[in-house]
Amino acid sequence: MDSSARRRHVRHLFEEMITAFGQKDFPTFARYVHENALFEWPYLPLKSFPHSLRGRDAFIDAAKAGMANSDGYNHRVDQWYDQLDPDMLIVEYHSDSRLRQSGARYANRYLGILRFSGDEVVYWKEYVNPLPILEAYGEFVNEAVQA
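Fair warning: this is a prediction, and the values are worked out from it, not measured in the lab.

How each quantity is defined
- Going along each chain's sequence as written, the residues are numbered from 1 onward.
- Whole-chain, interface and lining totals are the exception, using all residues; otherwise, since this is a predicted model, local features are given only for residues with pLDDT of at least 70 and side-chain atom pairs are given and counted only at 80 or more.
- Working from all heavy atoms in the structure, the side-chain values ignore hydrogens and water.
- Secondary structure elements follow DSSP: runs of H or I no shorter than four residues count as helices, runs of E no shorter than two count as strands, and numbering proceeds from the N terminus.
- Relative accessibility thresholds used throughout: buried, under 20% of the residue-type maximum; exposed, over 50%; partly exposed, between the two (1.4 Å probe, protein chains only).
- The contact criterion used throughout is that any non-hydrogen atoms of two residues lie within 4.5 Å.
- Note that His is not counted, nor are the chain ends; the positive residues are Lys and Arg, and the negative ones are Asp and Glu.
- Where a charge lies is defined by one atom per residue type: Lys uses NZ, Arg uses CZ, Asp uses CG and Glu uses CD.
- By this rule the span expected of a helix is its residue count minus one, scaled by 1.5 Å.
- Note: two strands are recorded as paired if DSSP finds a minimum of 2 bridges between them.
- Comment: axis = line fitted to C-alpha atoms, over the contacting stretch for helices; angle = value between 0 and 180 degrees taken between N-to-C directions.
- Distance and chemistry together define a polar contact, namely a pair of N or O atoms within 3.5 Å, with one atom able to donate a hydrogen and the other to accept it when in protein, and with adjacent residues in sequence counting only for side-chain atoms on both sides.

### Some points on the overall build of the protein chain
Here comes step 1: Secondary structure summary: the protein chain contains five helices and six strands in total.
Here comes step 2: Ordered by position in the sequence, the α and β elements of the protein chain form the string α-α-β-β-α-β-β-β-β-α-α.
Here comes step 3: Projecting the C-alpha coordinates of the protein chain onto the three principal axes gives extents of approximately 50 × 25 × 25 Å.
Here comes step 4: Going through the 147 residues of the protein chain one by one, you find that 41% of them count as buried.
Here comes step 5: A separation threshold of at least 6 residues defines the contact pool for the protein chain, and within that pool the share at least 24 residues apart is 53%.
Here comes step 6: The positive charge centre, built from 17 side chains, and the negative charge centre, built from 21, are 1 Å apart in the protein chain.

### Details of helix 3 (residues 56–67)
Here comes step 1: Taking 1.5 Å of rise per residue, the 12 residues of helix 3 would be expected to cover 16 Å, and the 16 Å separating its terminal C-alpha atoms lies within 8% of that figure.
Here comes step 2: Contacts made by the buried residues of helix 3 are with helix 1 (3–22), helix 2 (26–30), strand 1 (33–40) and strand 2 (52–54).

### Describing the pairing of strand 5 (residues 105–117)
Here comes step 1: In this structure, strand 4 (residues 88–98) lies alongside strand 5, joined through 11 bridges in antiparallel fashion. Considered in strand 5, the bridge of Met-88 is made with Arg-115.
Here comes step 2: Here strand 4 hands over to strand 5 after six residues, with Gly-103 in that stretch at a positive phi of 80°.
Here comes step 3: Note that strand 5 and strand 6 (residues 120–128) share eight bridges and pair antiparallel. If you follow Gly-112 over to strand 6, its bridge partner there is Glu-126.
Here comes step 4: Between strand 5 and strand 6, which pair antiparallel in sequence order, lie two residues; one of them, Gly-118, sits at a positive phi of approximately 65°.

### Re the sheet that holds strand 5
Here comes step 1: Pairing is mixed in the open sheet, where six strands are placed in the order 2-1-6-5-4-3. Across the chains shown, the open sheet's two edge strands, defined by having one partner strand only, are strand 2 and strand 3 (76–81). The average angle at which neighbouring strand axes cross in this sheet is 25°, direction not considered.
Here comes step 2: Looking at chain direction, strand 1 and strand 6 are connected through four bridges and run parallel. The residue of strand 6 that forms the bridge with Val-33 is Val-121.
Here comes step 3: Sheet strands touched by helix 3: strand 1 and strand 2. Its angle to strand 1, the strand with the most contacts, is close to 60°.

### Quick notes on the side chain of Ser-95
Here comes step 1: Mapped onto the secondary structure, Ser-95 falls in strand 4.
Here comes step 2: When its relative accessible area of 2% is taken as the criterion, Ser-95 is described as buried.
Here comes step 3: A polar atom in the side chain of Ser-95 sits 2.7 Å from the side chain of Tyr-110.
Here comes step 4: Look past the residues within four positions of Ser-95 in its chain and what remains in contact with it is Tyr-73, Asn-74, His-75, Tyr-106, Ala-107, Asn-108 and Tyr-110.

### A few points about the side chain of His-75
Here comes step 1: Mapped onto the elements of the fold, His-75 is located in the loop between helix 3 and strand 3.
Here comes step 2: For His-75, a relative accessible area of 3% translates into the label buried.
Here comes step 3: Ignoring sequence-local partners within four residues, the contact set of His-75 consists of Ile-18, Phe-21, Gly-22, Tyr-93, His-94, Ser-95 and Tyr-110.

Here it is as structure tokens:
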């Protein structure tokens, strides 16, 4: 596969993966992520959140807890940034959801830097704005994370 075709393929994989993730379809999401993938957050979404997590299942467990109060985040891709290495992906995306208990809207923007090996993500660094998380979730997040 040439570099251009590989970039298109990696974009397709990410769209499938982020759509499944945003719909809380974790079994489908898991098919796109290597079991030992590394996840990093340079700017923590919450004080008690780790700067990194190793492993697909650990990430899914954290996501299930974080998304438990919503119907899903309904992620959509906004912008792609091509890299020289066709296995690397930089992408901007956003979420839009309502929280079940309060009815508050949760919407955020993200910048992801990902590396694929074959058809799986092996590295994912995500830049997320923590303010919309705190505004929408408030004390619920602090209580859930500390539990």
